[in-house]
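Descriptive structure summary
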Amino acid sequence: ESGQEKVFTEIESPLLPVLAAMENEGIRLDPAALEDVGKKLRAEIARLETSICQHAGTTFNIASPKQLGEILFGKLALSKDAKKTRTGQYSTDEQTLAALAPLHPIIGEVLEHREASKLLSTYIDALPSAIAADGRVHTTFYQLATSTGRLNSQDPNLQNIPIRTAQGREIRRAFVPREGDYTLLSADYSQIELRILAALTQDPGLLEALTSGEDIHRATAARVFGLPVAEVTKAQRNQAKMVNYGISYGISAFGLAQRLGIGRADAKALIDGYFAQYPGIKKYMTDTVAQARERGYVETITGRRRYLPDLRSANATVRAAAERNAINMPIQGSSADLIKVAMVQIARAAREENWRTKLLLQVHDELVFDLYLPEKERVLEVVQDRMRNALPDLRVPIVVETGLGANWLEAH
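Here is a short report on the structure shown in this document. (Residues numbered from 1 in each chain as written. Predicted model: local features only at pLDDT ≥ 70, side-chain atom pairs only at ≥ 80, totals over all residues. Heavy atoms only, no water.)

Before going further, it helps to examine the overall build of the protein. Within the protein one finds 16 helices and 11 strands. Over its C-alpha trace the protein gives a radius of gyration of 23 Å, about what one expects of a compact globule, namely 22 Å for 412 residues. Taking the principal axes of the C-alpha coordinates as reference, the protein spans close to 70 × 55 × 50 Å. For the protein, buried positions account for 49% of its 412 residues. The long-range share in the protein, meaning contacts at least 24 apart out of those at least 6 apart in sequence, stands at 66%. A total accessible area of about 20000 Å² is found for the protein, and carbon and sulfur atoms account for 50% of it. (Helix = DSSP H or I, 4+ residues; strand = E, 2+ residues; numbered from the N terminus. Rg over C-alpha atoms; globule rule 2.2 N^0.38 Å. Buried < 20%, exposed > 50% of the residue type's maximum accessible area, 1.4 Å probe, protein only. Contact = heavy atoms within 4.5 Å. Areas by Shrake-Rupley, 256 points an atom, 1.4 Å probe, with all protein chains shown as cover.)

Put into structure tokens, the structure is as follows:
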């Protein structure tokens, strides 16, 4: 009745044995390499602690929100209208600190210290205990733990290792291939959510930017700022990139201003300029929310649904969050469907051709394999083909980047 049969029979059911095989296979982890990363992180944490306490003019517990708040907003008086929590202490959450980062170097260092400490406790200290007797880490994949259809990895979570920061990326160095004639293969969808946004909106400008082969963020910046592509600055490209990625999450002028460290009026002008260049995106967002409010749900390209009763909420904040979910779910959910179908098709080829190459991990838009080197040409050919053509109705160019390496960082 709800049209979910195709999602069940063509995506989720055939994926079940694929995930079971991945969990059973696991991925090899080198404890010595992990400890090397840990040593560097501990040295970096010590350096940051010294520098932060010098900026503060006193030693204090950086991990204590209470003490940190007193230093930043009491002693250093970095903000006249600093927010306080219910318990009466200053708020020092990431959003608050990120907004104040340009005011004093101590803020950036506190954020770096937090990230390094989290990496140390979440991965460096925890991962060794997750290594099984076979020297491999066996995560558990949950098919239906997210409302968008994305896979979820737990015990340990191998999908959350940060990729945007140098410190986070270093942890990937400890994930290595099987011994012998193997290397790690990473196959990654390039800018997949933007490509799916183009498929859903069929916006001519976005489609043109993606098919031209031009760097999409540079092409977007050229359109929004009215410049030739060659004259786009690094800062302008960065701003366009933030809008490109933020737009599918319903980013506001306030949110964009915070992330880019610019004024709210400038951020609003940037978003308005973006919609002027890509009117199909604005129309998609408006139409999707209106349709979802009427039906009570949104769906992906394959028909996977997410019900959103909060679209009719009387509370404006709750309603706005539901509207952002309505815009994002068809994009993120279609991306999840695409890679799930690709995994099923790659596993089918591996079974039929009796590969020794094994699929180990799925990390959102990326697949990681233990590649048996004598099978390299065939595996690369099949992986590229199945990932690109998993959903042939998309009508946008799908780009898959592949890399090989002696560890996950090198391969990616």
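The next thing to look at is helix α10 (residues 234-246). A rise of 1.5 Å per residue sets the reference length of α10, with its 13 residues, at 18 Å; its end C-alpha atoms lie 18 Å apart and thus fit the reference within 8%. Considered for burial, the residues of α10 that qualify are Q236, Q239, A240, V243, N244 and G246. Of the surrounding secondary structure, the elements contacted by the buried residues of α10 are α7 (192-201), α9 (216-225), α11 (253-260) and α12 (264-277). (Expected span 1.5 Å × (residues − 1).)

Along the chain, V298 falls in strand β7 (residues 297-299). Of the residues examined, V298 reaches a relative accessible area of 5% and is grouped as buried. Taking C-alpha positions, V298 is 7.7 Å from L308, a pair spaced 10 residues apart along the chain.

The next subject is the packing of α10 against α11. Think of two packed helices as two axes; the pair is described by the angle between the axes and how far apart they sit. At their nearest, the axes of α10 and α11 sit 11 Å apart, and the two run at 140° to each other. For the element pair α10 / α11, the angle class is oblique. Crossing of α10 against α11: the hand is right-handed. Two secondary-structure elements touch here, α10 through N238, Q239, M242 and V243 and α11 through L256, R259 and L260. (Axes fitted to C-alpha atoms, helices over the stretch in contact; angles between N-to-C directions. Parallel < 35°, antiparallel > 145°, perpendicular 65-115°, else oblique. Left-handed = near helix turned anticlockwise from the far one by under 90°.)

Strands sit in the order β2-β1-β5 across an open sheet of three strands; the sheet is antiparallel. Edge strands, defined here as strands with exactly one partner in the open sheet, are β2 (136-137) and β5 (175-176). Looking at chain direction, strand β1 (residues 27-29) and β2 are connected through two bridges and run antiparallel. By the bridge assignment for β2, R28 is matched with R136. (Pairing = 2+ DSSP bridges.)

Along the chain, S91 falls in the loop between α3 (65-75) and α4 (94-100). Looking at S91, the relative accessible area reads 13%, which means it is buried. When sequence neighbours within four positions are dropped, the list of residues in contact with S91 reads F73, K83, K84, T85 and T96.

Take the packing of α9 against α10 next. At a closest axis distance of 8 Å, the pairing of α9 and α10 adopts a crossing angle of 100°. Between α9 and α10, the angle falls in the class roughly perpendicular. In contact with I216, H217, R218, T220, A221 and F225 of α9, α10 contributes Q236, R237, Q239, A240, K241, N244 and Y245.

On the secondary structure map, L76 appears in the loop between α3 and α4. Apart from residues no more than four positions distant in its own chain, L76 is found in contact with H55, I71, H104 and I106.

What follows covers the sheet that holds strand β9 (residues 358-363). Spatially, four strands are ordered β9-β10-β6-β11 in an open sheet, and the strand pairing comes out antiparallel. With one partner strand each, in any of the chains shown, β9 and β11 (400-405) form the two edges of the open sheet. Looking at each pair of strands side by side, their axes are set apart by 20° on average, direction ignored. Two strands pair when backbone bridges link them, and strand β6 (residues 182-189) and β11 are joined in this way by six bridges, in the antiparallel orientation. In the strand pairing of β11, L185 is matched with L404. Sheet strands touched by helix α14 (residues 316-352): β6, β9 and β10 (366-372). Its angle to β10, the strand with the most contacts, is close to 20°.

Below, the discussion takes up unusual backbone geometry. The linkage connecting D155 with the following residue, P156, adopts the cis geometry, with an omega of -5°. Structurally, P156 is set in the loop between β4 (152-154) and α6 (166-170). The backbone phi angle of A77 is positive, close to 45°, even though this residue is not glycine. By the element assignment, A77 lies in the loop between α3 and α4. Of note in this structure, D155 is not a glycine but carries a positive phi near 50°. Mapped onto the elements, D155 comes out in the loop between β4 and α6. On the accessibility criterion, D155 (59% relative accessible area) is exposed.

Any functional reading would require information that these geometric values do not contain.
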